[in-house]
Amino acid sequence: MPEEIEILKPEVVSAIEQVTRAEIDTQITTAKKYPRTLSKVKADMLSFATLDQETAENCFYTLPRGGKNIQGPSVRLAEIAVSCYGNLRAGSRIIDTISTGDSPHVVIQAVCHDLEKNVAVTVEKRRRIVGKKSKGGAIDEDDINLAANAGAAIAFRDAVFKVVPGALIKPIFEQAKQVAIGDAKTLSERRQRAMDSFAKMGVGKDKVLAVLEKKSIEDIDLPDLEVLFGLHTAIKDGQTSIDEAFTAKIAKASLNLPSSEEN
């Protein structure tokens, strides 16, 4: 028996709209009463992003695209930005799911609303659904959820970085990279940390060296670490797969701020 679909009456929809509008109006009024101070926002963001090495590593990503690397601030840095910038409404939702046919995908919509300035941005992302090789490429609910979660995170990030100024994000992004990568004194320890991180993902030393075009771990330098930590973040966030990441040629990274190239 088909499931019954509840249709809301016009007066119910109107009531919901009125409540939502009242909530937003209240939040805008509160935001204007307690405006943000950019110097404090910047200090708070920097404190969070460089809290420790792991947090700093998660604040940027690297994606091989067309023989070059796209690099930018990550989902984690967007979350830090929302928390510290304040007076924002931000979120994402699924607006369409196509799980059959030649191009299975989900469509995600994300919104970021600066209540203080009354500026709102909406971003839509289309995310391909990929079936597991172990199941012959057949798509199941888990595959749909993975695509939806990755797409929602990316759409959220892009919406946030279209509202929170890049001039505020970029110095935090650069400082986070510096903390993550370290310097000549920490190079040996960071190399091993990167190799261990990929080993936990099932990526062996040979694959890492091959994608960097290096003969040994000792040949990995600081720019290589920047690529590896960013690549690790991109895989964790679902922006790319291990197979995609380690078959593409790694090149010198180019900054992508705000990010929108990977989908």
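Predicted model only: the values in this text are computed from it and were never measured. (Residues numbered from 1 in each chain as written. Predicted model: local features only at pLDDT ≥ 70, side-chain atom pairs only at ≥ 80, totals over all residues. Heavy atoms only, no water.)

Examining the overall build of the chain
Broken down by element type, the chain carries 10 helices and 6 strands. Counting across all 263 residues of the chain, residues that qualify as buried make up 41%. (Helix = DSSP H or I, 4+ residues; strand = E, 2+ residues; numbered from the N terminus. Buried < 20%, exposed > 50% of the residue type's maximum accessible area, 1.4 Å probe, protein only.)

Looking at the environment of N58
Note that N58 resides in the loop between α3 (53-57) and β1 (60-65). Counting along the chain gives 178 residues from N58 to K236, while the straight-line C-alpha distance between them is 9.1 Å. Ignoring any residue separated from it by four or fewer positions in sequence, one finds N58 in contact with S74, R76, T233 and K236. Side-chain polar atoms of N58 contact the side chain of K236, separated by 2.7 Å. (Contact = heavy atoms within 4.5 Å. Polar contact = N/O pair within 3.5 Å; in protein donor to acceptor, adjacent residues only side chain to side chain.)

A short note on the pairing of strand β3 (residues 88-98)
For a regular strand, side-chain orientation follows a simple rule: the groups alternate between the two sheet faces. Relative to strand β4 (residues 105-114), β3 runs antiparallel, the two sharing 10 bridges. Following the sheet pairing, L88 is matched in β4 by D114. Hairpin geometry of β3 and β4 is characterised by an intervening segment of 6 residues between the two adjacent antiparallel strands and by a positive phi of about 90° at G101. (Pairing = 2+ DSSP bridges.)

Quick word on helix α5 (residues 141-160)
Spanning 20 residues, α5 covers 28 Å between terminal C-alpha atoms, matching the ideal 28 Å at 1.5 Å per step. Between a side-chain oxygen at the N-terminus of α5 and the backbone nitrogen of D142 the separation is 3.1 Å; the capping residue is D140. (Expected span 1.5 Å × (residues − 1).)

Here's the deal with the pattern of salt bridges
Overall, the coordinates contain 14 salt bridges when judged by the stated rule. The residue K125 makes a salt bridge to D158 at a minimum N-O spacing of 3.0 Å. Remark: D158 occurs in helix α5 and K125 occurs in strand β5 (residues 119-128); sequence separation between them is 33 residues. The pair K125 / D158 is uniform in exposure class, with both members buried. Between D158 and R157 there is a salt bridge, with the nearest N and O atoms lying 3.0 Å from each other. On the accessibility criterion, D158 (2% relative accessible area) is buried. R157 gets classed as buried once you look at its relative accessible area, which sits at 0%. In this structure, a network of salt bridges that share partners links the residues R36, D114 and E116. (Salt bridge = Lys/Arg side-chain N within 4 Å of Asp/Glu carboxyl O.)

Let's talk about the nonpolar core
The biggest cluster of nonpolar side chains holds 54 residues, and the ones touching the most others in it are M45, L77, V160, V164, F198, V208 and F246. For this core, the leading source of residues is helix α6 (residues 166-181), giving 7 residues. (Core = buried A, V, L, I, M, F, W, Y, C linked by side-chain atoms within 4.5 Å.)

Re the sheet that holds β3
Taken in spatial order, the 3 strands make up an open sheet running β3-β4-β5, and their pairing is antiparallel. Either end of the sheet is taken by a strand with one partner, and the two such strands are β3 and β5. Along the sheet, successive strands turn relative to each other by an average axial angle of 15°, direction set aside. (Axes fitted to C-alpha atoms, helices over the stretch in contact; angles between N-to-C directions.)

Digging into helix α8 (residues 205-212)
Counting along an α-helix, one turn takes 3.6 residues, and residues three or four places apart therefore face a common direction. What α8 keeps buried is the set V208, L209, V211 and L212. End-on view of α8: buried residues confined to an arc of 165°, all on one side of the axis. More than 90 degrees from the buried face of α8, the exposed residues found are D206 and A210. In the core, the buried residues of α8 are packed alongside α7 (187-200), α9 (222-236) and α10 (242-245). Following α8 by one or two positions, E213 has its phi on the positive side, about 60°. (Arc of directions from axis to C-beta.)

A look at the packing of α7 against α9
Running from N to C, α7 and α9 point in directions that differ by 30°, and their axes come no closer than 10 Å. With respect to α9, the element α7 is oriented roughly parallel. Both α7 and α9 take part in a crossing whose hand is left-handed. Every residue of α9 that contacts α7 at L187, R190, R191, R193, A194, S197 and F198 is listed here: L222, L225, L228, F229, L231, H232 and I235. Considering only residue class, the contact of α7 with α9 consists of 9 nonpolar, 2 polar and 3 charged. (Parallel < 35°, antiparallel > 145°, perpendicular 65-115°, else oblique. Left-handed = near helix turned anticlockwise from the far one by under 90°. Nonpolar A, V, L, I, M, F, W, Y, C, P; charged D, E, K, R; others polar.)

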